[in-house]
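Listed below are the residues making up each chain.
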Amino acid sequence: MSSHAGPVRPGRSRFRRLLGELWFQVIVAAVLGVAVGLAAPGVGENLKPLNDWFIALVKMIVIPVVFCVVTTGIASMDNLRKAGRIGAKSIGYFLVLSLLSMLIGLLVANVFQPGAGMNVDPATLDASAVPASATEQHASFTGFVSSLIPESLFGAITGDGILAALLISIVFGVALNMAGPSAAPLTSGISALSTVVFQIVGWVMRLAPIGTFGALATVVATYGAGSLQQLGYLILLFLGTCVVYVVVILGAIMRVCRLSLLGLMRFLKAELLVALSTCSSEAVLPQLVRKLEILGIGRPVVGIVIPSGFSFNLDGSAVYLTMASLFLAQALGIDLSWQQQLVMVGVMMLTSKGTAGIAGGAFIVLASTITAVGHMPLAALALIVGIDRILNEGRVFINVLGNAVAAIVIGKWEKDFDHDRATTVLSARGEQVEALEAEYEAAQRSPGTGHLRAPRR
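Remember, predicted model here, so these are calculated numbers, not experimental data. (Residues numbered from 1 in each chain as written. Predicted model: local features only at pLDDT ≥ 70, side-chain atom pairs only at ≥ 80, totals over all residues. Heavy atoms only, no water.)

## Brief notes about the overall build of the protein
Of regular secondary structure, the protein possesses 22 helices and zero strands. Taken over 457 residues, the protein has a buried fraction of 52%. Summed over all atoms, the accessible surface of the protein reaches about 20,100 Å², with 65% contributed by carbon and sulfur. (Helix = DSSP H or I, 4+ residues; strand = E, 2+ residues; numbered from the N terminus. Buried < 20%, exposed > 50% of the residue type's maximum accessible area, 1.4 Å probe, protein only. Areas by Shrake-Rupley, 256 points an atom, 1.4 Å probe, with all protein chains shown as cover.)

## Topic: the environment of Ile 74
Within the element layout of this structure, Ile 74 appears in helix 4 (residues 48-75). Owing to a relative accessible area of 1%, Ile 74 belongs among the buried residues under this scheme. Residues contacting Ile 74, with those up to four places away along its chain left out, are Leu 80, Ala 83, Ile 170, Gly 173, Val 174 and Asn 177. (Contact = heavy atoms within 4.5 Å.)

## Topic: unusual backbone geometry
At Arg 258, a residue that is not glycine, the phi angle is positive and equals roughly 60 degrees. We note that Lys 415 has phi near 55 degrees; this positive angle belongs to a residue other than glycine. Inspection of the secondary structure puts Lys 415 in the loop between helix 20 (388-413) and helix 21 (419-426).

## Examining the packing of aromatic side chains
Tallied over the entire structure, the rule returns three aromatic pairs. Plain terms: the ring middles of Tyr 93 and Phe 94 are 6.3 Å apart, the flat faces sit at 70 degrees to each other, and that makes the pair edge-to-face. Residue classification places Tyr 93 among the buried residues on the basis of a relative accessible area of 10%. The exposure class assigned to Phe 94 is buried, which follows from its relative accessible area of 1%. Ring centres of Phe 238 and Tyr 320 lie 6.1 Å apart, and the angle between their planes is 80 degrees; on these two criteria the pair is classed as edge-to-face. Within this pair, whereas Phe 238 is found in helix 12 (residues 232-256), its partner Tyr 320 is found in helix 17 (residues 315-331), the two being separated by 82 residues in sequence. As far as the burial class goes, Phe 238 and Tyr 320 line up, both buried. Note that Lys 291 overlies the ring of Phe 267, its terminal NZ or CZ placed 4.8 Å from the centroid. (Phe/Tyr/Trp six-rings, centres within 6.5 Å; stacked < 30°, edge-to-face > 60°. Lys NZ or Arg CZ within 6 Å of the ring centre and 35° of its normal.)

## Points about helix 10 (residues 184-205)
A turn of α-helix holds 3.6 residues, and therefore any two residues three or four places apart point the same way. Taking 1.5 Å of rise per residue, 22 residues should cover 32 Å, and helix 10 covers 32 Å from first to last C-alpha, within 8% of that figure. Considered for burial, the residues of helix 10 that qualify are Ile 190, Ser 194, Val 197, Phe 198, Val 201, Val 204 and Met 205. Seen along its axis, helix 10 keeps its buried residues to an arc of 115 degrees; they face one direction. Summarising the geometry of helix 10, the exposed residues directed more than 90 degrees from the buried face are Pro 185 and Trp 203. (Expected span 1.5 Å × (residues − 1). Arc of directions from axis to C-beta.)

## Re the environment of Trp 23
Secondary-structure assignment places Trp 23 in helix 2 (residues 22-39). Here the alpha-carbon distance between Trp 23 and Ala 270, two residues 247 residues apart in the chain, equals 4.1 Å. If we skip the residues at most four places from it in the chain, Trp 23 touches Leu 18, Lys 269, Ala 270 and Leu 273.

## Some remarks on the packing of helix 4 against helix 15 (residues 285-295)
Viewed as axis vectors pointing N to C, helix 4 and helix 15 meet at an angle of 40 degrees, and their least axial separation amounts to 8 Å. Relative to helix 15, helix 4 is oriented oblique. Contacts between helix 4 and helix 15 involve Val 58, Ile 61, Val 62, Val 65, Val 66 and Val 69 from the first element and Leu 285, Pro 286, Val 289 and Glu 293 from the second. A breakdown of the residues in the contact of helix 4 with helix 15 according to their chemical character gives nine nonpolar, no polar and one charged. (Axes fitted to C-alpha atoms, helices over the stretch in contact; angles between N-to-C directions. Parallel < 35°, antiparallel > 145°, perpendicular 65-115°, else oblique. Nonpolar A, V, L, I, M, F, W, Y, C, P; charged D, E, K, R; others polar.)

## With respect to the confidence of the model for the protein
A residue-level look at the protein finds 79% of positions with pLDDT of 70 or above and a mean pLDDT of 78. Here helix 6 (residues 133-136) stands out as the least confident element of the protein, with mean pLDDT 50; helix 13 (residues 261-267) is the most confident, with 93. Taken together, the stretch residues 1-11 has pLDDT below 50 and engages in zero contacts with residues farther than four places along the chain or on a different chain. (pLDDT = per-residue confidence, 0-100.)

## Comments concerning the packing of helix 4 against helix 16 (residues 299-312)
Orientation of helix 4 relative to helix 16, taken along the N-to-C sense of each, is 135 degrees, at an axis distance of 8 Å. Between helix 4 and helix 16, the angle is such that the two are oblique. The crossing of helix 4 and helix 16 is left-handed. On helix 16, the residues that touch Val 66, Val 69, Val 70, Thr 72 and Gly 73 of helix 4 are Arg 299, Pro 300, Gly 303, Ile 304 and Pro 307. Taken together, the residues of the contact of helix 4 with helix 16 sort by class into six nonpolar, three polar and one charged. (Left-handed = near helix turned anticlockwise from the far one by under 90°.)

Shown next, in the form of structure tokens:
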């Protein structure tokens, strides 16, 4: 009997371990959500609050994470010029990748003409189908600058604006750094607060399967499969472009960094699945910060690149903006010259910056661009409002993965990146990953840890 009992117990152990994995729970919840949405649409539509509650819980903890990570990262720097270098390099990288993403979307839409032949009469469009949030207030340069300035110092920390919180966190960290030993107790207190905040993040992320279940049940119940047939070509073309972007552009960047893109995607699978199911890149910001520190990127780099990247480095949204704009123009029979298209890209480079990584943000930026350029009626957005949720899947995936790659690039550029550790982490499996995460948690409780060293093999 003992010969039979031996091999069974490890199998059960592996299955129990799989059930405890967040990414597996998210997949199961996604399948159940789709099933409920198809089998009982009435029930599915009423499950939307589950996703809303999960997103609200994550947004509750995002700003404290940004404040703790950025403040302690800058306060512990030996040289404040490093913060300036990280910021300048990040913005430069973001601008180059955003422009490249928009030009890729422009090229694909011009070559494949997804809206050609639809011949939609603008007079027949139902402007009431466009969400009020897309028409009430449009992004502008002055609005962007205003969003950086909070009403009060601590109002930025208690509010929900990532950029304002990032600005105050940088200022606070610089002040702590310059204050020297007299500010050491406050720096230690914020470091201790960081440990508590990440404990809360862990609890909140365990609720991700519930948010996933509610989100997918609602989407499938609301739109169904048949409603997507008319615009299926645009969906397939956009998602195909996203796949090519990940494989070619992000893959090339990771090869230059001598790391595996597939390994990074496997390491971030839980975060990518949560972002896909909730259509919110902001939903995974706290956990992404933690994972990238485990990967071996220094806290100052992660603390500046990731929060700013979720407002400035939305490459998936950039691809979407140019493709969707040209699709709408083609559907209405409007022929845009190359000069007009380049002007549109220039406007989008401005209007797309400073948008938080929340669901539907790119749709509002699209409305802003259409209004600013004036080449088509705003009511044209009614053509794609029904599939925007589906298109959001591709752009959110790229936004999250692209920012993780950006942190690696800036970390290597700044020589604040442990390549050996990253190689070990990206090749780890199962219990090895759990051991690395446990090592990170232990290091969090020890003062003065910028990033972790490569474990001995």
